[in-house]
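Chain by chain, the residues run as shown.
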Amino acid sequence: MNFLRRRLSDSSFVANLPNGYMTDLQRPDSSTSSPASPAMERRHPQPLAASFSSPGSSLFSSFSSAMKQTSAAPSGLMEPPGPSAPVVQRPRILLVIDDAHTDWAKYFHGKKVNGEIEIRVEQAEFSELNLAAYVTGGCMVDMQVLRNGTKVVRSFKPDFILVRQHAYSMALGEDYRSLVIGLQYGGLPAVNSLYSVYNFCSKPWVFSQLIKIFHSLGPEKFPLVEQTFFPNHKPMLTAPHFPVVVKLGHAHAGMGKIKVENQHDYQDITSMVAMAKTYATTEAFIDSKYDIRIQKIGSNYKAYMRTSISGNWKANTGSAMLEQVAMTERYRLWVDSCSEMFGGLDICAVKAVHSKDGRDYIIEVMDSSMPLIGEHVEEDKQLMADLVVSKMSQLLIPGGTVPSSLRPWAPQMKPAKSPGPAQLGPPLGQPQPRPPTQGGPRQTQSPQPPRTGSPSQQRLSPQGQQPLSSPSGSPQQQRSPGSPQLSRASGGSSPNQAAKPGAPLASQPRPPVQGRSASQQGEDSKKPAPPHPHLNKSQSLTTSLSTSDTSQRGTPSEDEAKAETIRNLRKSFASLFSD
């Protein structure tokens, strides 16, 4: 004991111990606890790889950690990774901009984005909305609506928008283009797109796109009405022929349209344009037999014919008879061509006039704010709801490339780095074998006689792999990755270089060869490098304590012997330093 006290009180010996080792010895006996957390054990299927691959640790730290982890593995202390709980996705908020006459929530009832995520519908008119848009924070919408005489105030961040209301109308004095800009500023997807909604806030601007289609397809395939644009009243001197239809500014539902029969009336209208301080258009009056409307909702097409009964030259004013007609290829070409403007229109309609002389004239195109007509209004609303859900699935979860949170990807565990390709363990996903001990048979194709010995003579191979014999069959040296001999042999390089897979094989630690005694291995280890006094005395201390304790207890099982050896080591060191 005096010898041990002198050796353990030596400053050079204590300096070689790892940080915190002395304080760890004085803690209460916790030999059954694993030094690695359960998360680390789950991350590394082979627990010995972490303890033996740290080049900076000493022999005592590596040996004790390996013994405790080896004793914990067969006892079932390693926690298996449990099944991950499904993550509940927040519902996607759909903002429908429409009047209160249509309850859009019932059309989206039971529908889910990608079949998994719920949809929460918020409905309001443009006049009931306000917002604040940010560069990185998206768009925050404030809504103040009246529901059954109760004022409802809510703030939310919409994920998608369905626009079913005009954003601008001069006749009603409604200008909500600033809200459209704010929604576009927040980067919100919509049906139709906010870019197209803003462009539809000026009818002459939309008509200019019809002119491009007219020049592209020709007058036979795309018969566009002749129209003249005036930015103000000054150029409006006269019309080439009468009667003409004068349209002032941007309005809907027949507002702002005047039929002019002669030059005197035309001059009067010119003065009205000057008072309105807006642009105006003139087009030849067509004595129509009926109006034609071709609508497209997604991939669904419908064509309607409307005939005036009251005799008004505006077919959408007064009494009219509406009936659905066959969808011809001519009509399909019209609506398909118009649906390509402004980056694409998911919902649109083309209005045309069929004159009494049998000719057709395209006069207007409408976007998603178009009114629904006919006997299939409910069907059209359901088609719009299905279109919105489809667009939300494509835009919010693009093409299925983003995995659903309800089915997360399986966790990928990185294998521990091995010294060389010859020492690679079994692939991940298979049960990892226990590191073989020298007291049991070798798990190789060429069996060797079993060998028994004391726990002090049992050496574990680096990285927790099975010991493999060299191709030549010559005995190899046994070194710990943290031994002083290996540190000196590296030539002053960093400790991590010793564990890199690309390092030369000569610098890698070799597992012991079965059937060799501890004395023979000690002789082989002394040949390439001079003996280190501290390491040899530490090994002798470990051997003497474990051998004497094993002889007293007889021949217990290997796991109990390892655990008992660690406990005796800790108690011996604690008693020495406590004196």
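Predicted model, so just to flag it, every value in this text is computed and none were measured.

**Q** Even after reading the chapter, I still don't get the sheet that holds strand 14 (residues 280-284), so can you show me in this structure?
**A** Paired through backbone hydrogen bonds, the strands of a sheet run either parallel or antiparallel to each other. Strands sit in the order 11-14-12-13 across an open sheet of 4 strands; the sheet is antiparallel. Sheet topology places strand 11 (227-230) and strand 13 (257-260) at the edges, where each strand pairs with a single neighbour. Adjacent strand axes in the sheet meet at a mean angle of 20° when their direction is disregarded. Relative to strand 14, strand 12 (residues 244-248) runs antiparallel, the two sharing 5 bridges. Of the residues in strand 14, the one forming a bridge with Lys 247 is Thr 281. Sitting on the sheet, helix 10 (residues 263-276) touches strand 11, strand 12, strand 13 and strand 14, and the angle it makes with strand 12 is about 10°.

**Q** What's the story with the sheet that holds strand 19 (residues 360-366) in this structure? I'm lost.
**A** Reading across from one edge, 17-16-15-18-19 is the order of the 5 strands in this open sheet, with antiparallel pairing throughout. Two strands lie at the open edges of the sheet, namely strand 17 (320-325) and strand 19, each paired on one side alone. Adjacent strand axes in the sheet meet at a mean angle of 25°, parallel and antiparallel pairs treated alike. Sheet topology note: the strand 16 (residues 300-308)/strand 17 ladder contains 6 bridges and is antiparallel. Opposite Ser 308, over in strand 17, you have Ala 320 as the bridge partner. With respect to the sheet, helix 11 (residues 329-338) is in contact with strand 15 (288-297), strand 16, strand 18 (347-355) and strand 19, its orientation differing from that of strand 15 by roughly 55°.

**Q** So what exactly am I meant to see when it comes to the nonpolar core here?
**A** The nonpolar side chains of soluble globular proteins are, as a tendency, buried together. Ranked by internal contacts, the top residues of the largest apolar core, which has 29 residues, are Leu 210, Phe 222, Cys 338, Met 341 and Val 365. Taken together, the elements giving at least two residues each to this core come down to helix 9 (203-217), strand 15, strand 16, helix 11, strand 18 and strand 19. Membership of the second largest hydrophobic core comes to 25 residues, among which are Leu 95, Cys 139, Val 141 and Leu 179.

**Q** What is the right way to look at the packing of aromatic side chains in this model?
**A** Each aromatic ring pair is characterised by the separation of its centres together with the angle its planes make. Enumeration according to the criterion identifies 8 aromatic pairs in this entry. With 6.5 Å between their ring centres and 75° between their planes, Tyr 195 and Phe 342 make a pair best called edge-to-face. Highlighted residues: Tyr 195 in helix 8 (residues 194-199) and Phe 342 in the loop between helix 11 and strand 18, separated in sequence by 147 residues. Seen in terms of ring centroids, Phe 285 and Trp 313 are 6.1 Å apart; in terms of plane orientation they differ by 70°. Their pairing is edge-to-face. Linking Phe 285 in the loop between strand 14 and strand 15 with Trp 313 in the loop between strand 16 and strand 17, this pair joins segments that are 28 residues apart in sequence. When its relative accessible area of 23% is taken as the criterion, Phe 285 is described as partly exposed. Here the aromatic residues Tyr 195, Phe 200 and Phe 342 are joined through ring pairs into a cluster of three or more. Above the ring of Tyr 301, the side-chain terminus of Arg 332 is found at 4.4 Å from the ring centroid.

**Q** Would you explain helix 11 in this entry?
**A** Since the α-helix turns once every 3.6 residues, residues separated by three or four places project in the same direction. Residues of helix 11 that are buried include every one of Tyr 331, Trp 334, Val 335, Ser 337 and Cys 338, and no others. End-on view of helix 11: buried residues confined to an arc of 160°, all on one side of the axis. Against the buried residues of helix 11 lie helix 9, strand 15, strand 16, strand 18 and strand 19.

**Q** I'm lost on helix 7 (residues 177-185) in this one. Help?
**A** All of the buried residues in helix 7 are Leu 179, Val 180, Gly 182 and Leu 183. Projection of helix 7 onto a plane perpendicular to its axis shows the buried side chains occupying an angular sector of 160°, all on one side. Turned more than 90 degrees away from the buried face of helix 7, the exposed residues are Ser 178 and Tyr 185. Contacts made by the buried residues of helix 7 are with strand 1 (92-97), strand 4 (129-134), strand 5 (138-147), strand 7 (160-163) and helix 8. Looking one or two residues beyond helix 7, the residue adopting positive phi is Gly 187, at roughly 70°.

What counts as what
Residues numbered from 1 in each chain as written. Predicted model: local features only at pLDDT ≥ 70, side-chain atom pairs only at ≥ 80, totals over all residues. Heavy atoms only, no water. Pairing = 2+ DSSP bridges. Helix = DSSP H or I, 4+ residues; strand = E, 2+ residues; numbered from the N terminus. Axes fitted to C-alpha atoms, helices over the stretch in contact; angles between N-to-C directions. Contact = heavy atoms within 4.5 Å. Core = buried A, V, L, I, M, F, W, Y, C linked by side-chain atoms within 4.5 Å. Buried < 20%, exposed > 50% of the residue type's maximum accessible area, 1.4 Å probe, protein only. Phe/Tyr/Trp six-rings, centres within 6.5 Å; stacked < 30°, edge-to-face > 60°. Lys NZ or Arg CZ within 6 Å of the ring centre and 35° of its normal. Arc of directions from axis to C-beta.

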